[in-house]
Structures are given as C-alpha cells and as structure tokens.
Amino acid sequence: MTPGEGGQVNTYIQLWTVGNYHWYLKQNLYFGSDPQRAPAYVSWDPERPLRLHLVTRGWASLNYDWGWSTDRSHGEDGQDNANVAVIDGDKVLVSTFRQCVVPPPMCAYDLQLPAPVNLVTFQRQSTNELAALTADGHISVYGQGTGEQSEPAAGLRGFRSVTHPPQLKTTYRVAVDQEEPLALRLLLWLSDDVFLGVVGCTEGPSQSKLLILGPSEAQGPQPTLEIRSHVEVEGHVISMCHSSKTGTVALQLEDGQIRKFLWDSLKPSVVEWQDSTGCRINFPDPCVQTALFTIEEEHLLGLTDRSHLFVGETEVASNVSSFVVYDDFLLLTTHSHTCRCLRLSTLTVKGLQVALAADGQNQNDQNDETLRRVERGSRIVTVVPQDTRLILQMPRGNLETIHHRALVLAQLRKWLDSQKFREAFECMRKLRINLNLIYDHSPKVFLESVETFLRQLDSINHINLFLTELKEEDTTTTMYPCSVNTTGQSAPVACGKKVDIVCDALRCTMESMDQHKYCLSILTSHVKKTVPELEIALQKVHELRVNPPSAANAVSAEEALKYLLFLVNVNELYEHSLGTYDFDLVLMVAEKSQKDPKEYLPFLNMLKTLEPNYQRYTIDKHLKRYRKALHHLSKCGEEHFNETLNLVKDQRLYSEALGLYPTDSPQYKALSCAYAEYLVEQQQAEQAGLLLWRCGEATRALQAFVGSASWRNALCVAEQIPLPSDQLALLARDLAEKLIELRRYTEAAILLERYAKDCEEAISALITGAVWEEALRLVYLYNRQDIIETNLKPALLEACSSQTSYLEVQRAMFTRHKTRLAVVRELKEKARLELLDEDVPDCPEAELYSEASSVMTGSHAGSKYSHSNSRISSRSSKNRRKAERKKLSLKEGSPLEDMALLHALAEIIHSVDKMREEVHSLLKALVLFQFDGQAGRLQQAYGEALQMIEVALPEVWQEGLQQTQAPITGPNSTANSIMASFQQPRPSATQDSETPPPPKMRNGVKWKLSILK
C-alpha cells in the first residue's frame, strides 16, 4: 500500500521470486485507490501450484493462474542477437547470447522503465526489437539505434563494444479499460505496428476478448494504441503463439482446446484448429508452453506442467522438461538427462513419437548425433541463430553453452553449400569435427572451388592441417551420415583414390597461385599421398638449396627440410634420399638428422668410388629395391653376370631378367635354364620344357615334357633331336604308361598304335577305358577280329554288370537318405512347435527350430552331441576341412544331420546324371553284338534311376528352403505379427549358407536307344 491522491491509499499485490541470490519482482497488480477494489483476502491454491485466489472488499473474486515462460527473440538469421529478456521490477534485463553468455541477474544491458514490467514480447520481423507492458498500462517499444556509434572511452582504449542497448522509440498508452489489475493478460507483437492482446470479457466470466491494437491516427499528447478490431472467444485464452514463416496465430484455451485466429483477413475471426482431413484437434491437457512447427503439415506443439509433450492431440513424450523450435529442428531436454535435436523435415508425427520413446535406451545411442547427455535438470534457454550454440540453464542458475552435434553438422553443411570454407574450417577445428567432411560433403563442388578454399583459409598451417587429416574414409556415410538428400552430396567425378585426388588438386592450384608461398603445403601434398612421393619432395628441397628463391614470402631449403623431417621419419627420409642417387641431397638430409657421421660417411665414400651403374645397383640392393638393382646390374658387363644370376635366383626375378638380354645371347640361355629348374621345382615341368626348347636345350626339354606327360611336345622334340626309331618306340611306351595312369586312354592308344607300332596294346588300352567305338575301329583296321571274342565282349558284359550294380547301390542310398531326411525334418518341426508352445517367443533359440534348422539342444531334441564343433580352431585349412566333415556327419542324431543328408543326396544325383554319355556308348556296343537283353535291362535301370531323382527333387529341395524370412519386429509391429513371424519356418544364417543348391539335371543329353523300347 502506498499513499495516493486525496489521502486515498493505493493498493498493490507484487509477485517476487528468487534466483541466483537475487530477488526479482515479476508481477505488479495495481488495484487503485478505491477501498472496494482493495483485496481483502489473498491465498495460494493448496492443490494447484501457481494459482492465486483473491477476494476484494467489494466481494469480487479473482483467480490468477501463473506460469513460467522464457521471453526470447524469434529470429532465424545472423542478425538476430539471440536476445533473452528477464523481468526485474521496473527493469528488463536483456542478454544477447550471440555476443556473451552471462547468467541472471547479470546481463548484457538493462532497460529502465517508469513502472514495473508485467509482460515482454519481441517483434517477429525485426527480432532485436522488444516491447514491454508496464503495470500502469503503457507499452514501451525499444529498437536498435540508427545514430553514429560513440568512440571508445578513454579508459578503454583499444576496446570496442560488441553489443549496443536498444533505444526507446516510443511509449504507447493502451486504450483498454484498466479497472481490473492486469487487464491485458497476454500480449503478442505481430508486425511493425500491430499488437495482439487478450483481455477479460465483461459479457461473461468464461469468455475472453482478442484485441488487435494499432497506433491511433488521432494526434494527442501521447501516442495511443487503439483497438482496431476485436473478437470474442468462448473460454479463457491462456497462451498464444505466432509463426513468422506462415503467419499463423494459435490460441490455447484453459481446457486445452486449440483455436486458430485469422488476424490478417478483412474480418478477423477465430476458428477451430483442424488437420488436413478436417478433424478437430485439441490438447488432452492444458499446456504451459506452445509453439508452431511443420511436420508434413502445420502442428501446434505443447508441453504440460507434468512434462507431457503433445503434437496436437497425440502425446509424443512424457519426460520432456523444456523445448524450443529452431529452423528445421526441434530441440528438447528430458528428465533422463539428455538433450535431443531432431530434424523435423525427416520425421512424421509417428516417427517423432518413436524417436523420443527410445530416449537413451538403445545401445547405439552413443553414435546417435541427435542425442547428447547433459547435466541433471538442464533446461533450454535459447539457440543462437545461424550458429552452433545452444544455451542451457542448470538448476543452480548458471548457464552453459553446448554445441549439439546435429546443429553443428547442419550449420557446417550450410556453410559448405555456400562455399564459406573459412567459417566451416574454424568451427570444425574448434569442435573437433573431422576435416574430411569439407571434401566428402560435396566432392565435385570442392574440386571446382579449390582456389576459393585456399584464398579463404589463407594460412599455411591450416592447409597443412587439412592435408594431414585426409583419409580414404567417406565421412558422410560413416561418421556423419545425413538423412536429408542434399544437392551437394555426390560421388567424386574423378577416378582414383580420394587422398590422391585432393592432394593433386590442391598442389596444382597452389603451384599456379604462388609456389613459393605454399611451398610447405606443396611438400605436404606429396608426402600425404597413398604412395608418398618422397623423392619428388626431396628434389624440390634440393632445388631450393641450389637456387634459393628471392621472393619475400619464400621458404628456405633449411626450413623446408626441417618441415619434411617433421612429417617423415628421419631414417625413412634418409633411405629415400639415398634412392635419388644424389649424394649432395643425402648429405643434406643426414646433416639434419641425428645420425652419427661415422654411420653414413664411410658408406657414401665407398659408393663414390664405384662405377655409376654398379654404384646404383649397390644402393638399390641396400634399399631392397631388387628390380631396379637388377636393371642397373645388367648394364655392368659380362664380368658381373654371375652376380646377376645369383640375384635373379635369390629374388626370383626370372621374367624381369629375361627381358634385359637379347634372345640369342648366352646370358639369355643361362637365365632360361635357371628359370626352367625353378619351374620344375614348382611342379610346372611343361612350362620348363617350353623355355628349354626355345633356347636350344632339346635333351633337357624332352625330359621336362616326359615328366609332365606332354606327349605331343615330347614327340616333336624327339623328332627334332632326332631319336632312332627304337628309342622313339620306347619313348612312346613310357609316355603311354603315364597316360594310362592318368586315365587318358585314347591318347595312350594313339602313342601305342602310331609310334610303338603295337596295335594289340592300343586296343587293350581303349577297351580298358571303355572307348568301344575306337577299339572296334582299330580291330577292323588291323584285322584282329579275334580280340572281339577274347577281350571286347567279356569287357562289355563286365561293364554292363558293373553299371547295373552301381545304379542299384545308388538308388538304395538315395531312397535311404531321402527317407531319413523326411524323418529329421519332422523331428525338427515338432521340436520347434513344442518350443513355441512354451510361450517364450523371444528365446534366442526359437529361430533355430525351423524347417531347415538342424541345431537341436539336448533338452528339446534329445541329442547327445554338443555344439563344441563351432569352437574348433580354424588355424589351418586342414583343420577347417576336418571340422566341416565332422560337422556334416550322416550319423543319426548328429548336429546338422539334415544338411549332411542334402549334401549326400546332391552327390548321388551328380554322379548318376554324369553317366549319360557312358551309358549311351555302352548301350550301342551291347546292341551291336546282340546283347539286347543286357542292354535293355541297363537302359531300364538307368531310366528308372533318373525318373526317381526327377520326382524326388521338389520334395528334397523344398521351395521355402532357399528363402530366409527374418522375424518382423520394430515399432510398427504388434505382438501378433511378431509371434506370427517367429512361427514361420526360417533357416538360420549358418544353415542357409551351408544348404547346397538343388542339382540341375542334364535332360537335354540324349542317351536312350529307341531300338530297345
């Protein structure tokens, strides 16, 4: 109470709060000097926080619901200072977080007003301008000044002010009935001269009135905001929000209903909030903070005092403590101590609900750029537009600035798209973002803008840092994947490795711009290639030493070499300098290293005494560059040929050595003989024979061809030698024996007939090999029909009997394996169903019990075999093959028995199918000699075997066996769909990889004889 006019007493109610050891006056309710309007009773609601009950002496009852809000500027461009205003009585404390981060009660500047402030609102277009509503019903508008900035104070020489407080532009009197305290409950600054206010309605206690306020055209002693239009609303409006992008104004009533205010139409009106389908949308509960944003369509986002976050009538989270909508992002903090940053353009409302439901629960959250752990109780204050900073306030009042990874990457992509390489590089360097992103984000654009990149960085150290961080990994797919398809992201237009492409592009551009200024970076581009070009880098250093540049920004040879030693190990650099054969360069590197002169001077002095080619050979051999050493040694003359031959044998450089000598030289012949000896040791005797034959070593070539059973080449060499006829016949018999051992009967018969002149042995070889037609030809050619009775017919009957017995065995095995496979599959299916009946669908073994599964545990399948096979060491291929054989055992009850049966059946089918040609030839020979009965039985047995296999193939290799169907899980799945997916037969990954494909029968091969039908 304070004294008023005429001795009357003015009555006030003030709301104070404390924070950071400072008391703030947040609200000032003025009841005037009328005793009947003075409050007689004031009390806080015992159940609902921040609800104030008040009864005046005139028996008027007033109820106030208060709520906390953060008054921040809403700009999204770089001109917005990220202003946040704090009401402190007759002052407004403003912090500009773009320039400084100071916690209240400190601030960047404060605005002094003539009366206590009740409301603050920021302009939507000129976002650094604000308006303050004072308790006496006036609105003070502040904006950035247009005058010249003052010079720095004398005591602050050299300093300049980075932020300037706004100036008071005008103070409006609001033409609203001020009989009740806080008559203007809510205030929104829509445009330059348009305000939207909410007042109580005198026609009804549960109505509100929306007022569109604008400057009055009438001239008066004080500017006035007059009511241009008004709209009555059924219910109390408790919050308003405005979207500067769409111009939409959304209202929330005290029961959570949502309304849309059409303020920019000819006749302002309030309509129900509807979605794209025409359905009405309301909040299930009243929200203390609201904001408009767009996901497919415009939605109203609301946060209740119970931490429930709603998008319209859909609850998307229940543990949110604060949120803010910025650009295309929704940033929020949760009670699980995380800060989420979600890109709205990539989400749906359902996707947003799923993303927030998995807050901190997934094991892969540590790699999720949308999630960041924060201190307990953190709340969002504001986001700095067109920057990477997010301001959080801790429960104890202090402020912290974090750079959320999602915001950082989004801003970096904007900078890179607009080719602001310097800003992007500085941010990445400060926040430890991999510099490969500069190239990976848009390879084509980067390669076209290399000169711009260099001019913007304008720092040798920064260019070198970029080059040294290059690696072949594409960071846009591994470290920083982006779900938004941007126009900049494209594959490299050039072929080759990324590091080489970037190094070459930068080096060429730097050499064309100023090779002296960028000397160190040019050296870095040589060293950082996938195959470092150290010799070229050393040569450039040597050129600097021989011809020192005169440019002012040039680098001396000493500095360049010192920098090169920083990049490369000194011993490695010394070896490469030695490989240039330039002793001045070697001495220059050695002097800069920590090597003792006694280590390298004797060796260098010895090299200087040698002939140039032998000197280079010695250096290359020392550096283990044996191909270069061989090239130089071959030029040293015949006296060093033995050394050359030893080098070739030691390092196996036979092919390279043969190319260094003429084909008619003795050195070529010696190298060919040495190469042939090596090939014989490697079991490649035929190739050895070719080398020996072409260099004139016919006798050794004949031995090599005989050893490799290359009989045609052997006979050619024998004719070239030439061999006597008796030795040629012996050679032919030796070769024929080798061919018979290799089951090459037709070729052996040719040798025996034509070169050994032994037709009987030739016919015998053909009969042994079942080459019936060729055997008959030789029988009649040499008039040896006696062999038909003595050898051919008995062999035919024996072959027929053998084939018939073999087919019977194969059919019996096929039938037995097929029957057992059906039994095994039935057992597996029964075990799988029993496991599912136990109501354990999430058991890790459930997916193993499928139609193609063969892993059976002792508790469910009664198998006495454990799974120890999977732990068998695979240290060698022999062990692996042994493990595979043991795993695919045909023993009943063994693990993977069904897979073993499938493999066995496939082998039987392949062996029976490949008999077609052999059976066809045998049938023709049997018919020729009137063994029709035996031939008919063989044809019938083989036909029945093939038909049995054809009929059984679909049964053995069932259609679903090769198709793996994964269980259907995920956020859009139901319990029934997941259970159904588990009940579907599915082979496990191990079994699917081991399942043999169904064999293909060669039905196009004709084998039957129609005369036997």
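Worth saying up front: this structure is predicted, and the values here are computed from it rather than measured.

Asks: Looking at this structure, I do not really get the overall build of the protein chain. What am I missing?
Replies: Each helix and strand counted, the protein chain has 34 helices and 33 strands in total. Split into buried and exposed, the 1013 residues of the protein chain put 46% on the buried side. Intrachain contacts of the protein chain at a sequence separation of at least 6 include 54% that bridge at least 24 residues. Just so you have it, the protein chain exposes about 52800 Å², and 49% of that area is on carbon and sulfur atoms.

Asks: Sorry if this is basic, but what is going on with the sheet that holds strand β9 (residues 91–96) here?
Replies: Across a sheet, paired strands are connected by hydrogen bonds in the backbone, their directions being either parallel or antiparallel. Taking strand neighbours across the sheet as the criterion, the four strands line up as β7-β8-β9-β10 in an open arrangement whose pairing is antiparallel. Either end of the sheet is taken by a strand with one partner, and the two such strands are β7 (71–72) and β10 (109–112).

Asks: Got a minute to help me understand the packing of aromatic side chains in this structure?
Replies: Aromatic ring pairs: the centre-centre distance and the angle between the two ring planes describe each pair. Applying the stated criterion to the full structure yields 19 aromatic pairs. Consider the rings of Tyr-64 and Trp-66, whose centres lie 5.6 Å apart with planes at 15°: the pair is stacked. Consider the rings of Phe-641 and Tyr-661, whose centres lie 5.9 Å apart with planes at 90°: the pair is edge-to-face. Residue Phe-641 is located in helix α17 (residues 641–651), and its partner Tyr-661 is located in the loop between α18 (654–658) and α19 (666–681); the two are separated by 20 residues in the primary sequence. On the basis of relative accessibility, which here comes to 14%, the residue Tyr-661 falls in the buried class. Taken together, the ring pairs connect Phe-421, Tyr-439, Phe-446, Phe-453 and Phe-466 into an aromatic cluster.

Asks: Please clarify how the packing of helix α31 (residues 916–928) against helix α32 (residues 932–956) should be interpreted in this entry.
Replies: A pair of packed helices can be characterised by two numbers: the angle between their axes and the separation between those axes. Taken N-terminus to C-terminus, the directions of α31 and α32 make an angle of 160°; their axes are 8 Å apart at the nearest point. Looking at the two axes, α31 sits roughly antiparallel to α32. Where α31 crosses over α32, the two elements pack in a sense that is left-handed. On the side of α31, the interface is formed by Arg-916, Val-919, Leu-922, Leu-923, Leu-926 and Val-927, while α32 contributes Asp-932, Ala-935, Leu-938, Gln-939, Tyr-942 and Leu-946.

Asks: Help me out: how do you make sense of the confidence of the model for the protein chain in this one?
Replies: Any region with low pLDDT has predicted coordinates that should not be read closely. Here the protein chain averages 85 in pLDDT, while 86% of its residues score no lower than 70. Confidence drops under a pLDDT of 50 for residues 839–875, and excluding neighbours within four residues, the segment shows 70 contacts in the predicted structure.

Asks: Explain the pattern of salt bridges to me, please; I cannot follow it from the model alone.
Replies: Oppositely charged side chains can pair when the atoms bearing their charge come close. Counted according to the given criterion, the structure contains 37 salt bridges. Between Asp-758 and Arg-733 there is a salt bridge, with its nearest N and O atoms 3.0 Å apart. With Asp-758 in the loop between α24 (745–755) and α25 (759–768) and Arg-733 in helix α23 (residues 725–741), the pair connects residues that are 25 residues apart, well separated along the chain. Connected through shared salt-bridge partners, Glu-76, Lys-245, Asp-327 and Lys-414 make up one network.

Asks: Sorry, what's going on with the pairing of strand β33 (residues 399–402) here?
Replies: Regular strands show a simple pattern: their side chains alternate between the two faces of the sheet. As paired strands, strand β32 (residues 390–393) and β33 are joined by four bridges and run antiparallel to one another. The residue bridging Leu-392 from the neighbouring strand is Glu-400, located in β33. The turn linking β32 back onto β33 is made up of five residues, and Gly-397 within it adopts a positive phi angle of 105°.

Asks: Would you mind going over helix α11 (residues 557–567) with me for this structure?
Replies: Looking only at α11, the buried set comprises Ala-557, Ala-560, Leu-561, Tyr-563, Leu-564 and Leu-565. For α11, the secondary structure elements touched by its buried residues are α7 (460–468), α9 (519–527), α10 (534–546), α12 (570–579) and α13 (583–592).

Asks: Sorry if this is basic, but what is going on with a nonpolar patch on the surface here?
Replies: On the surface, Trp-16, Val-18 and Trp-23 cluster together into a nonpolar patch covering about 360 Å² of accessible area. The topology assignment puts Val-18 in strand β2 (residues 9–19). What makes Val-18 partly exposed here is its relative accessible area of 46%.

Asks: Hey, could you run me through the side chain of Ser-672 in this one?
Replies: Mapping Ser-672 onto the fold places it in helix α19. For Ser-672, the contacting residues outside a window of four places in its chain are Leu-658, Leu-691 and Cys-695.

Asks: Looking at this model, I keep getting lost on the sheet that holds strand β25 (residues 309–311). Mind explaining?
Replies: Here we have four strands laid out as an open sheet, ordered β23-β24-β25-β26, and antiparallel in their pairing. Sheet topology places β23 (289–295) and β26 (314–317) at the edges, where each strand pairs with a single neighbour. For this sheet the average axis-to-axis angle between neighbouring strands, irrespective of direction, equals 30°. Note that strand β24 (residues 297–303) and β25 share three bridges and pair antiparallel. Paired with Leu-303 across the strands is Leu-309, a residue of β25. Sitting on the sheet, helix α1 (residues 349–357) touches β23, β24, β25 and β26, and the angle it makes with β26 is about 35°.

Asks: Would you mind going over the environment of Lys-562 with me for this structure?
Replies: Mapping Lys-562 onto the fold places it in helix α11. Lys-562 sits 27 residues away from Val-589 along the chain, and the two C-alpha atoms are 9.2 Å apart.

Asks: I keep staring at the packing of helix α27 (residues 786–837) against α32 and nothing clicks. Help me out?
Replies: Where α27 contacts α32, the axes come no closer than 10 Å and their chain directions differ by 20°. Overall, the two elements α27 and α32 adopt an arrangement that is roughly parallel. For the crossing formed where α27 meets α32, the hand is left-handed. Contacts from Leu-797, Cys-800, Gln-803, Thr-804, Leu-807, Arg-811, Phe-814, Thr-815, Lys-818, Leu-821 and Arg-825 of α27 reach α32 at Gln-934, Leu-938, Ala-941, Tyr-942, Glu-944, Ala-945, Met-948, Ile-949, Ala-952, Glu-955 and Val-956. Residue composition of the contact of α27 with α32, grouped by class: 13 nonpolar, four polar and five charged.

Asks: How should I be thinking about the pairing of strand β27 (residues 320–326) in this particular structure?
Replies: When you tally the buried positions in β27, you get six out of seven residues, the bulk of the element. Note that β27 and strand β28 (residues 329–334) share six bridges and pair antiparallel. The partner of Phe-323 across the bridge, within β28, is Leu-332. The turn joining β27 and β28, which pair antiparallel and follow one another in sequence, is formed by two residues; a positive phi near 55° is taken by Asp-327.

Asks: Whenever I open this one, unusual backbone geometry confuses me. Can you help?
Replies: Cis geometry marks the peptide bond from Pro-104 to Pro-105; its omega dihedral reads 10°. In this structure, the amide linkage connecting Ile-721 to the following residue, Pro-722, adopts the cis form with an omega of -10°. With respect to the helices, strands and loops of the structure, Pro-722 is situated in the loop between α22 (711–720) and α23. You will see that Arg-432, though not glycine, has its phi angle at about 60°, which is positive. Take Arg-432: it is sitting in the loop between α3 (421–431) and α4 (437–440). Relative accessible area serves as the criterion here: at 75%, Arg-432 is assigned to the exposed category. Unusually for a residue other than glycine, Arg-652 sits at a positive phi of about 55°. Mapping Arg-652 onto the fold places it in the loop between α17 and α18. Relative accessible area serves as the criterion here: at 54%, Arg-652 is assigned to the exposed category.

Asks: What is the right way to read the environment of Ala-709 from this model?
Replies: With respect to the helices and strands, the residue Ala-709 is situated in the loop between α21 (698–707) and α22. With relative accessibility at 7%, the residue Ala-709 sits in the buried group. Separated by 28 residues in sequence, Ala-709 and Glu-737 place their C-alpha atoms 9.7 Å apart. Contact partners of Ala-709, with chain neighbours within four places excluded, come to Leu-739, Leu-742 and Arg-744.

Rules behind the numbers
- Residues numbered from 1 in each chain as written.
- Predicted model: local features only at pLDDT ≥ 70, side-chain atom pairs only at ≥ 80, totals over all residues.
- Heavy atoms only, no water.
- Helix = DSSP H or I, 4+ residues; strand = E, 2+ residues; numbered from the N terminus.
- Buried < 20%, exposed > 50% of the residue type's maximum accessible area, 1.4 Å probe, protein only.
- Contact = heavy atoms within 4.5 Å.
- Areas by Shrake-Rupley, 256 points an atom, 1.4 Å probe, with all protein chains shown as cover.
- Pairing = 2+ DSSP bridges.
- Phe/Tyr/Trp six-rings, centres within 6.5 Å; stacked < 30°, edge-to-face > 60°.
- Axes fitted to C-alpha atoms, helices over the stretch in contact; angles between N-to-C directions.
- Parallel < 35°, antiparallel > 145°, perpendicular 65-115°, else oblique.
- Left-handed = near helix turned anticlockwise from the far one by under 90°.
- pLDDT = per-residue confidence, 0-100.
- Salt bridge = Lys/Arg side-chain N within 4 Å of Asp/Glu carboxyl O.
- Patch = residues over 30% accessible without salt bridge, like charges linked within 9 Å, V, L, I, M, F, W, Y side chains within 5 Å.
- Nonpolar A, V, L, I, M, F, W, Y, C, P; charged D, E, K, R; others polar.

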